[in-house]
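Given next are the chains, with one letter for each unit.
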Amino acid sequence: HYSQLQFVSHCRKLGMGLAEIHEILAYDGSTPEQAARIHDVLHSQIAAGDRQISGLKTLKKKLLELEGSCHGHVAGRQCGIITELSSPVPDNLKDK
């Protein structure tokens, strides 16, 4: 049982969900078809990681833009960050 727990833990650290782990555990990779299916699961995980990275890059860009709206601590001016955050959410940041 320890080896299965270790396997699941390793998969989880790689971002795999329980469905993907269960699917991989259903195969032993002893046939080309099984090996191909395991490979497909891994490629799906890579694609999901790429989407997450893309989303994080977009988030970072928006946060840097937001930071750039700061006017410093100028008396009489409203904080640019607060002003930006109070405006409507841009279409590229809305939930899809």
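Look above for the structure.
Presented here is a report on the structure given in the accompanying data block. All residue numbers here refer to positions counted from 1 along the written sequence of the relevant chain. Local features in this predicted model are restricted to residues of pLDDT 70 or higher, and side-chain atom pairs are both shown and tallied only at a pLDDT of 80 or more, whereas totals for entire chains, interfaces and linings draw on every residue. Excluding hydrogens and water, the side-chain values take into account all heavy atoms of the structure.

1. Re the nonpolar core
Here is step 1: C11, M16, I21, I24 and V41 together form the largest nonpolar core, which totals five residues.
Here is step 2: Should any heavy atoms of two residues lie within 4.5 Å, those residues are counted as being in contact. For I24, the residues in contact, after removing those within four places along its chain, are F7, M16 and V41. Put simply, buried Ala, Val, Leu, Ile, Met, Phe, Trp, Tyr and Cys residues joined by side-chain atoms within 4.5 Å make one nonpolar core. Each residue is placed in one exposure class: buried if its accessible area under a 1.4 Å probe, protein chains only, is under 20% of its type's maximum, exposed if it is over 50%, and partly exposed if it falls in between.

2. Here's the deal with the side chain of S69
Here is step 1: Tracing the backbone shows S69 in the loop between α3 (32-68) and α4 (80-86).
Here is step 2: In protein, a polar contact requires one atom able to donate a hydrogen and another able to accept it; more generally it is a pair of N or O atoms within 3.5 Å, and residues adjacent in sequence count only if both atoms are side-chain atoms. In terms of polar contacts, S69 uses its side chain to reach the backbone carbonyl oxygen of L66, at 2.6 Å.
Here is step 3: Setting aside anything within four residues of it in sequence, one finds S69 in contact with G80, I81 and E84. Where helices and strands are cited, they refer to DSSP runs of H or I of at least four residues and of E of at least two residues respectively, numbered from the N terminus.

3. So, the environment of Q6
Here is step 1: With respect to the secondary-structure elements, Q6 resides in helix α1 (residues 2-13).
Here is step 2: The class of Q6 is partly exposed, set by a relative accessible area of 47%.
Here is step 3: Along the chain, Q6 and C79 lie 73 residues apart, while their C-alpha atoms are 50 Å from each other.

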